[in-house]
There are 2 protein chains.
Amino acid sequence: MSTIRDVAKLANVSVATVSRVINANGYVNENTKQKVEEAIKQLNYRPNDVARSLFNGRSKMIALFVPDIQNPFFPELARAVEDMANSRGYTFILCNTDNNNQKEIDYLQALLQKSIDGFIFVSSTIKAEQIENINVPIVAMDRKISPELVSVTVDNRDGARQAVEYLQSIGCKRIGHICGPENVSSSRNRLQGYLDVVKKEDWLTSDFVQVGDHSIQGGLVAAMELLQKNPDIDGIFAANDLMAVGVLKAAEQLGIRVPEQLSVIGFDNTEPGKVTTPQLTTINQPIYDIGKRAAELLIQQIETPDSGIESVIYNVELIVRGSTKPLQS
Amino acid sequence: MSTIRDVAKLANVSVATVSRVINANGYVNENTKQKVEEAIKQLNYRPNDVARSLFNGRSKMIALFVPDIQNPFFPELARAVEDMANSRGYTFILCNTDNNNQKEIDYLQALLQKSIDGFIFVSSTIKAEQIENINVPIVAMDRKISPELVSVTVDNRDGARQAVEYLQSIGCKRIGHICGPENVSSSRNRLQGYLDVVKKEDWLTSDFVQVGDHSIQGGLVAAMELLQKNPDIDGIFAANDLMAVGVLKAAEQLGIRVPEQLSVIGFDNTEPGKVTTPQLTTINQPIYDIGKRAAELLIQQIETPDSGIESVIYNVELIVRGSTKPLQS
DNA sequence: TTGTAAGCGTTATCAG
DNA sequence: CTGATAACGCTTACAA
């Protein structure tokens, strides 16, 4: 690896001049510029980013924290962040936190020591005070962390309402809900949306809501509970697609036909819901856009501090597929 | 952020002494050590990794190149690499290459400028000569790049044989194969395994092999072709689970019952094959172990060059589920 | 328009 | 056992 000094020597100029041409800043005579560029080419010189980072305290790296990339919701999000990071010249670092606060703190610390330029968090475990005196920009994605922190989310409550209203519109009379963990803001909002629609129904009891953990297995267990306690349920809204797939499995095990006897609806519009039989009716989130936007906002904050960034809330929409069907009456 | 100089000042010692304490190397009096540690705690000092990297030319970062993290095969692999990297104190960088050689080269260049310590490649597009004078360790994973390069793979040919022999054992008489792209070493080996078993069958023609692109859609299209050209096919071995899911979809569209009329078998044992109806019979790869081992070998090469690393080949095993069933006769 | 030199925060060498 | 000090490779005053 050749250094700026090698280039300077070969071009018969000082390192300052080389630096000027590399960064296209400051005056430099067209002729010497040619000489320098020639030398750079000859030596196949590339500036050492570590030295640059040391000097200016910036690394051109951003990190994304997600609970677990093995959850099919996250790869597309990660992909979007990476693509945007890339196109703006940033290196992308992926951190799986397993919803473990200690891991988050450890990652945070380690990356700060590397002069990371910013963070995007998908987290329900980090506390606002743990990041309040971090002096690099942070954006919350998918889940809010605190009202003050810039975030990119969707209108979860409205999505849930759309889902439950749709179930009603096709004739469902008893609608259960499998919600996500209580500490996840999006789960709370989806539960809220469910309640908005059914709270005045006389059949509603706490037995119609079960908590799942966003996994297929969790959805299966919750659905079993739900269906056994309330045999008259004819519609289930699960807070994400994975749990909805679990509902499908539970129904299969119990010999309940979907959608003839039970309509099922998920949330997210991720891949698993497209390979089941029947395919899942769900609420679509613009996942790629969310990731892209979050990265964009982060980079804007990095490059233009105090440029007044606003949080973003995307709309969601119902996608009807085979797991829901108007009931015969 | 305080520096080593602040610590030195507060503890009334030189920066050299502080450095010795931090790195636990060289002699330092127990008493002064206490003083220094005290000062470190008081200032909440953390060494600047960028400065360290500049000095010793190492960054404690490793990168993983995969075609696309949205393919469900890769998240588990990535997870394994990250976990191992973490446990050894390395930062993990994920790069999606889209099988695009230019992207690979660009990433390579960019990361080398950041003093990256090593690479793990899942690639069928990079050429051996493009990496031959990279002076950091490289490990190939899942796919071989060149015979000389250390790799961690599975016995694809044997896995394919197991799959096809199993189909024969349950009575399949005409077995088609959907293979992956020809430039992918694992695809070639799986095709080879398929041929090992059926090459002497008199019914075998080139119509029994279709090329897919490892996606559901690609599998669907290939299966359509296969089933229309050879209506008597009663078994299909797809080179990965995603394409096998496509086969299931094709069968559904054509009104062919699986497994009664057609047995289907995939490869990888990934999540999508577990949510279909029927669930997919497949060949299990120890995905997490592969990733973990590759990372381990890479780090070993980084920390102990010339320690004589050998390539690793894992065994695979058949997992029987609902998409295959002994034929009535 | 160009060059000199200080400094970014560490580590390691070499005296003491 | 401890302290100066010269690197690591780059950028940016400041001078010329």
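Residues numbered from 1 in each chain as written. Chains lettered and ligands numbered in written order. Predicted model: local features only at pLDDT ≥ 70, side-chain atom pairs only at ≥ 80, totals over all residues. Heavy atoms only, no water.

Going by an unreviewed UniProt entry, chain A carries the name LacI family DNA-binding transcriptional regulator and comes from Virgibacillus halodenitrificans.

Caption draft 1: Region of interest: the overall build of chain A. When helices and strands are tallied, chain A shows 13 helices and 12 strands. C-alpha extents for chain A along the principal axes are approximately 90 × 40 × 30 Å. Here chain A holds 329 residues, and 54% of them are scored as buried. In chain A, once contacts between residues fewer than 6 apart in sequence are set aside, the share between residues at least 24 apart is 70%. A total of about 14500 Å² of accessible surface is found on chain A, and carbon and sulfur atoms cover 46% of it. Charge centroids of chain A, computed over 33 positive and 40 negative side chains, lie 6 Å from each other. (Helix = DSSP H or I, 4+ residues; strand = E, 2+ residues; numbered from the N terminus. Buried < 20%, exposed > 50% of the residue type's maximum accessible area, 1.4 Å probe, protein only. Contact = heavy atoms within 4.5 Å. Areas by Shrake-Rupley, 256 points an atom, 1.4 Å probe, with all protein chains shown as cover. Lys, Arg positive; Asp, Glu negative; His and termini not counted. Charge placed at Lys NZ, Arg CZ, Asp CG, Glu CD.)

Caption draft 2: Representation of the sheet that holds strand S7 (residues 209–211) of chain A within the structure. All names here are of chain A. What the four strands build is an open sheet, ordered S7-S6-S8-S9; its pairing is parallel. Every interior strand has two partners, whereas the edge strands, S7 and strand S9 (263–265), have only one. Within the sheet, the average angular offset between the axes of one strand and its neighbour, ignoring direction, is 15°. Bridge count between strand S6 (residues 175–179) and strand S8 (residues 235–238): four bridges; the pairing is parallel. Each residue of the ladder has a partner; that of Ile 175, found in S8, is Gly 235. Most of the contacts of helix H8 (residues 156–169) go to S8, to which it runs at about 170°, and overall it touches S6, S8 and S9. (Pairing = 2+ DSSP bridges. Axes fitted to C-alpha atoms, helices over the stretch in contact; angles between N-to-C directions.)

Caption draft 3: Structural context of the UniProt feature "domain: HTH lacI-type" (unreviewed entry) in chain A. The sites that carry the UniProt feature "domain: HTH lacI-type" (unreviewed entry) are, in the present numbering, residues 2–56 of chain A. As a span, residues 2–56 of chain A carries 71% helix and 0% strand, and end to end its C-alpha atoms are 21 Å apart. (UniProt positions renumbered as here; feature names shortened; annotations may be inferred.)

Caption draft 4: Looking closely at the protein's contact with DNA strand D. Neighbouring DNA strand D are 25 residues, the closest being Ile 4 and Tyr 45 of chain A together with Thr 17, Arg 20 and Asn 29 of chain B. Taking the atoms of DNA strand D that fall within 4 Å of the protein, sugar and phosphate contribute 61% of them. For the surface near DNA strand D, the elements supplying multiple residues, two or more each, are helix H1 (4–11), helix H2 (15–23) and helix H4 (49–56) of chain A together with helix H2 (15–23) and helix H4 (49–56) of chain B. Residues of the surface near DNA strand D, tallied by class, amount to 12 nonpolar, nine polar and four charged. (Near = heavy atom within 4 Å. Nonpolar A, V, L, I, M, F, W, Y, C, P; charged D, E, K, R; others polar.)

Caption draft 5: Representation of the state of the cysteines in the model. Inspection of every chain in the model, using the stated rule, returns zero disulfides over all chains. Cys 172 of chain A takes part in no disulfide bond, and the closest cysteine sulfur, belonging to Cys 179 of chain A, lies 19 Å away. (Disulfide = S-S within 2.5 Å.)

Caption draft 6: Molecular detail of the sheet that holds strand S8 (residues 235–238) of chain B. All names here are of chain B. Spatial ordering of the open sheet is given by S7-S6-S8-S9, a layout of four strands whose pairing is parallel. In this open sheet, the two strands that pair with only one neighbour each are strand S7 (209–211) and strand S9 (263–265). When strand polarity is set aside, the average angle formed by the axes of neighbouring strands in this sheet is 15°. Across three bridges, the pairing between strand S6 (residues 175–179) and S7 is parallel.

Caption draft 7: Looking closely at the protein's contact with DNA strand C. Taken together, the neighbourhood of DNA strand C is formed by 26 residues, with Arg 20, Asn 29 and Thr 32 of chain A together with Ile 4 and Tyr 45 of chain B sitting nearest. Here a phosphate oxygen of DNA strand C sits 2.7 Å away from a polar atom, N or O, in the side chain of Thr 17 of chain A. Ile 4 of chain B places a polar main-chain atom, nitrogen or oxygen, 2.6 Å from a phosphate oxygen of DNA strand C. Partitioning the surface near DNA strand C into residue classes produces 12 nonpolar, nine polar and five charged. (Polar contact = N/O pair within 3.5 Å; in protein donor to acceptor, adjacent residues only side chain to side chain.)

Caption draft 8: Focus on the pattern of salt bridges. Across all of its chains, the model carries 34 salt bridges over all chains by this definition. In this structure, Lys 114 of chain B engages Asp 49 of chain A in a salt bridge whose closest nitrogen and oxygen atoms are separated by 3.6 Å. Pair noted here: Lys 114 of chain B is in the loop between helix H6 (101–113) and strand S3 (118–121) and Asp 49 of chain A is in helix H4, and the two residues belong to different chains. By the burial criterion, Lys 114 of chain B is buried, and Asp 49 of chain A matches it. Between Asp 196 of chain A and Arg 157 of chain A there is a salt bridge, with its nearest N and O atoms 2.7 Å apart. Linking Asp 196 of chain A in helix H9 (residues 185–198) with Arg 157 of chain A in helix H8, this pair joins segments that are 39 residues apart in sequence. Counted as one network, the salt bridges with shared partners bring together Asp 68, Asp 98 and Lys 103 of chain A together with Arg 79 and Asp 83 of chain B. (Salt bridge = Lys/Arg side-chain N within 4 Å of Asp/Glu carboxyl O.)

Caption draft 9: The relation of the copies chain A and chain B, seen in detail. Rotating chain A by 180° about the axis while translating it 0.0 Å along that axis superimposes it on chain B, leaving an RMSD of 0.0 Å. Here the two chains are linked by the operation of a two-fold rotation axis. A share of 100% of interface residues in chain A that are also interface residues in chain B marks the association as one of identical surfaces. (Least-squares fit on C-alpha atoms with pLDDT ≥ 70 in both.)

Caption draft 10: Expanded view of the side chain of Thr 91 of chain B. By the secondary structure assignment, Thr 91 of chain B is in strand S2 (residues 91–96). Residues in contact with Thr 91 of chain B, not counting those within four places in the same chain, are Ile 93, Leu 111 and Lys 114 of chain A together with Lys 60, Met 61 and Ile 62 of chain B.

Caption draft 11: Focus on the interface of chain A and chain B. With 47 residues of chain A at the interface, the matching set in chain B holds 47 residues. Contact between chain A and chain B buries roughly 3800 Å² in total, counting both sides, with carbon and sulfur atoms accounting for 53%. Considering only the side of chain A, the residues that lose the most area to chain B are Arg 79, Gln 113 and Lys 114 of chain A, jointly responsible for 17% of the buried surface there. Among the salt bridges present, the one from Asp 98 of chain B reaches Arg 79 of chain A, with a minimum N-O distance of 2.7 Å. Counting every contact that joins chain A to chain B gives 18 residue pairs in polar contact (both at pLDDT 80 or more). Secondary structure elements with two or more residues in the side of chain A that touches chain B: H4, helix H5 (74–87), strand S2 (91–96), helix H6 (101–113), helix H11 (241–254) and helix H12 (272–275) of chain A. Taken together, the residues of the side of chain A that touches chain B break down into 19 nonpolar, 13 polar and 15 charged. (Buried area = accessible area lost by both parts, 1.4 Å probe.)

Caption draft 12: Examining the pairing of S8 of chain A more closely. Residues and elements named next belong to chain A. Going residue by residue along S8, you find Gly 235 and Phe 237 tucked away on one face and Ile 236 and Ala 238 tucked away on the opposite face as well. Inspection of the sheet shows S8 paired to S9 by three bridges, in the parallel sense. Across the sheet, Ile 236 pairs through a bridge with Val 264, a residue of S9. With H11 bridging S8 and its parallel neighbour S9, the resulting β-α-β unit is right-handed. (Right-handed = clockwise from strand over helix to strand, strands pointing away.)

Caption draft 13: How the structure looks around the packing of aromatic side chains. All names here are of chain A. Tallied over the entire structure, the rule returns 14 aromatic pairs over all chains. Relative to Phe 121, the ring of Phe 119 has its centre 5.8 Å away and its plane inclined at 0°; by these criteria the two rings are stacked. For the pair Phe 119 and Phe 121, a shared accessibility class is recorded, and that class is buried. Between Phe 237 and Phe 267 the ring centres are 6.4 Å apart and the planes differ by 45°, which places this aromatic pair in the tilted class. Linking Phe 237 in strand S8 with Phe 267 in the loop between S9 and H12, this pair joins segments that are 30 residues apart in sequence. Of the two residues examined, Phe 237 and Phe 267, each falls in the buried class. (Phe/Tyr/Trp six-rings, centres within 6.5 Å; stacked < 30°, edge-to-face > 60°.)

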